[in-house]
Amino acid sequence: MTPKRAFWEVFATVCLPSLILWTVFAYLLRSKLNLPYAEALPIYLFLAILPMPLAFPLYRRYLRGTPRNAKTLSPKLSIALAILFAVVGILHAAELPRLLRSHKNGWDVVFHAAIAMVWLIMSIEYVRRAATKQPPTAM
């Protein structure tokens, strides 16, 4: 992999998600606590820069060309994880009727629905991985 490509891969893997996460967090925190922008900015900058040291080992790994997913799971383990993720997703989804009846906060419903969807999508992905034919490994 070229150095330029490795840099952009690291930027997309570490820097961009960190920036997006802490921007959303900063917006929500500022709206809830009514913090002045000048007081909150150093906190947000510190939190946004905190995961950036992860970029250096990832950059070196990408330059070496190490594959991202060198080890695949066995179909049995993939099915077991799919069942676990489905159970967690169903447990989150089971809380939705109670949250809808309580009418406390609409964001609780959105949050639990989103979390349930993420767990169920992960479960479907692990079932798909188990169903695909694994190439024979050389010993």
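Residues numbered from 1 in each chain as written. Predicted model: local features only at pLDDT ≥ 70, side-chain atom pairs only at ≥ 80, totals over all residues. Heavy atoms only, no water.

A. Quick peek at the UniProt feature "transmembrane region" (unreviewed entry) in the protein chain. Feature annotation in UniProt assigns "transmembrane region" (unreviewed entry) to the following positions: residues 7-29, 41-59, 79-97 and 109-127. Within the segment residues 41-59, helix and strand shares are 74% and 0% respectively, and the terminal C-alpha atoms sit 28 Å apart. Each end of residues 79-97 is marked by a C-alpha atom, and these two atoms are 28 Å apart; helix forms 95% of the span and strand 0%. (UniProt positions renumbered as here; feature names shortened; annotations may be inferred. Helix = DSSP H or I, 4+ residues; strand = E, 2+ residues; numbered from the N terminus.)

B. Focus on a nonpolar patch on the surface. Judged by side-chain polarity, F7, W8, F11, L16, L19, I20, V24, Y27 and L28 come together as a nonpolar surface patch covering roughly 920 Å² of accessible area. Tracing the backbone through its elements, the reader meets W8 in helix α1 (residues 3-33). (Patch = residues over 30% accessible without salt bridge, like charges linked within 9 Å, V, L, I, M, F, W, Y side chains within 5 Å. Areas by Shrake-Rupley, 256 points an atom, 1.4 Å probe, with all protein chains shown as cover. Salt bridge = Lys/Arg side-chain N within 4 Å of Asp/Glu carboxyl O.)

C. Seen up close, the packing of aromatic side chains. Enumeration according to the criterion identifies five aromatic pairs in this entry. Geometrically, the ring pair formed by F7 and W8 is edge-to-face, given 5.0 Å between the ring centres and 75 degrees between the ring planes. The exposure class of F7 is partly exposed, given its relative accessible area of 43%. Ring geometry for W8 versus F11: centroids 5.5 Å apart, planes at 80 degrees, classification edge-to-face. Taken together, the positions of W8 and F11, both in helix α1 and three residues apart, correspond to about one turn of that helix. Since its relative accessible area comes to 46%, W8 is described here as partly exposed. Three or more aromatic residues link up through ring pairs in this structure, and these residues are F7, W8 and F11. We note R129 situated over the ring of Y126; from NZ or CZ to the ring centre the distance is 4.7 Å. (Phe/Tyr/Trp six-rings, centres within 6.5 Å; stacked < 30°, edge-to-face > 60°. Buried < 20%, exposed > 50% of the residue type's maximum accessible area, 1.4 Å probe, protein only. Lys NZ or Arg CZ within 6 Å of the ring centre and 35° of its normal.)

D. Spotlight on helix α3 (residues 55-64). All of the buried residues in α3 are A55, L58 and Y62. For α3, the arc enclosing every buried residue in end-on projection is 65 degrees, short of the 170-degree limit, so these residues lie on one face. Exposed residues on α3 whose side chains face more than 90 degrees from its buried face are F56, R60 and R64. Those residues of α3 that are buried lie in contact with α1. (Arc of directions from axis to C-beta. Contact = heavy atoms within 4.5 Å.)

E. Seen up close, the confidence of the model for the protein chain. Per-residue pLDDT for the protein chain averages 80, and the proportion of residues at 70 or more is 89%. Highest mean pLDDT in the protein chain belongs to helix α4 (residues 75-94) (90); lowest belongs to helix α2 (residues 37-49) (76). (pLDDT = per-residue confidence, 0-100.)

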